[in-house]
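Each chain is listed here by its residues.
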Amino acid sequence: SLGAEVEEMLNQQVQLEDQSSQYYLSFASWCETQGYVKAAEFLYEHAEEERQHMLKFFKYINAVGGHAKAAEITPVPYDFESLRQVFEMVLEHEIKVTKAINEIVDCCFQNKDFSTFQFLQWFVAEQREEEETARTILDAFDIIGEDSPQGLWMIDQEIGRIGAEG
Ligand code: OFO
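Residues numbered from 1 in each chain as written. Predicted model: local features only at pLDDT ≥ 70, side-chain atom pairs only at ≥ 80, totals over all residues.

## Here we look at unusual backbone geometry
A positive phi angle is found at Lys112, which is not glycine, with a value near 55°. Looking at the element boundaries, Lys112 is found in the loop between helix 3 (83–110) and helix 4 (114–144). (Helix = DSSP H or I, 4+ residues; strand = E, 2+ residues; numbered from the N terminus.)

## What about helix 1 (residues 4–34)?
Its 31 residues place the ends of helix 1 45 Å apart at the C-alpha level, agreeing with the 45 Å of an ideal helix rising 1.5 Å per residue. Immediately beyond the C-terminal end of helix 1, within one or two residues, lies Gly35, with a positive phi of roughly 85°. (Expected span 1.5 Å × (residues − 1).)

## Observations concerning the nonpolar core
Note on soluble globular proteins: their nonpolar side chains tend to be buried together. Ranked by internal contacts, the top residues of the largest apolar core, which has 21 residues, are Phe27, Cys31, Ala39, Leu43, Leu83 and Val86. Only helix 1, helix 2 (37–63), helix 3, helix 4 and helix 5 (149–165) provide two or more residues apiece to this core. Per element, the largest residue contribution to this core is 6 residues, and it comes from helix 1. (Core = buried A, V, L, I, M, F, W, Y, C linked by C-beta atoms within 7 Å. Buried ≥ 20, exposed ≤ 12 C-beta atoms within 10 Å, placed from the backbone.)

## Quick look at the UniProt feature "binding site: Fe cation" (unreviewed entry) in the chain
Feature annotation in UniProt assigns "binding site: Fe cation" (unreviewed entry) to the following positions: Glu17, Glu50, His53, Glu94 and Gln127. Across 111 residues of sequence, these annotated residues stay compact in space, with a maximum C-alpha separation of 12.9 Å. The residue Glu17 is located in helix 1 in this model. Given 24 C-beta atoms within a 10 Å radius, Glu17 is considered buried. Mapped onto the secondary structure, His53 falls in helix 2. (UniProt positions renumbered as here; feature names shortened; annotations may be inferred.)

## Here we look at the packing of helix 2 against helix 5
Following both chains from N to C, one finds helix 2 and helix 5 inclined at 30°, their axes separated by 7 Å at the closest point. One way to sum up the angle between helix 2 and helix 5 is to call them roughly parallel. Considering the relative orientation of helix 2 and helix 5, their crossing is left-handed. Each of Val37, Lys38, Ala39, Glu41 and Phe42 in helix 2 lies in contact with helix 5, whose residues at this interface are Asp156, Gln157, Ile159, Gly160 and Gly163. Looking at the contact of helix 2 with helix 5 residue by residue, the classes come out as 4 nonpolar, 3 polar and 3 charged. (Axes fitted to C-alpha atoms, helices over the stretch in contact; angles between N-to-C directions. Parallel < 35°, antiparallel > 145°, perpendicular 65-115°, else oblique. Left-handed = near helix turned anticlockwise from the far one by under 90°. Contact = placed C-beta atoms within 7 Å. Nonpolar A, V, L, I, M, F, W, Y, C, P; charged D, E, K, R; others polar.)

## Things to note about helix 2
Each α-helix winds once per 3.6 residues, and so residues spaced three or four apart point in a common direction. In this model, helix 2 (27 residues) spans 39 Å end to end at C-alpha, consistent with the 39 Å of a helix rising 1.5 Å per residue. Those residues of helix 2 that sit buried are Ala39, Ala40, Phe42, Leu43, His46, Glu50, His53, Met54, Phe57, Phe58 and Ile61. Residue Gly65 follows helix 2 closely and has a positive phi angle near 90°.

## So, the packing of helix 3 against helix 4
Helix 4 packs onto helix 3 with a crossing angle of 160° between their chain directions and a minimal axis gap of 9 Å. Relative to helix 4, the element helix 3 is oriented roughly antiparallel. The two elements helix 3 and helix 4 meet at a crossing, and its hand is left-handed.

Pasting the structure below:
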């Protein structure tokens, strides 16, 4: 059964995954308004994935006898300076999420909650992939160069390509 400490952390993760979804939605919208079509597509899709992550936690909590709590709505930023800034924020956010997941893993281990420990392994792998995708996208800015509209167009195409692979 689920201990109070792990349950509390899992509910905090519901909150964080839900916030991830909102962030990605906001990023997607900004990219769309700027004409970054491929980046917007990737980010809209990712907003959906984050909602699925939130639901995975949500359903797990109740499945093991806890009480899942719907996330509070928290404000998200709407305006960004550049396409690069968006993906820097993506990476920063994913690093934060990875840390939070690692903390729950650690707590499960200490509480000998091996069921939740195992449940979290999928997220450990997912976070590694998401960070890698964000880093690969940021590399494209350095390699292609973003000082011209052509460069930015190519970066946008590359984001679409990387997103389709990831
Ligand atoms: Fe839920 O994986 Fe990103 O945040």
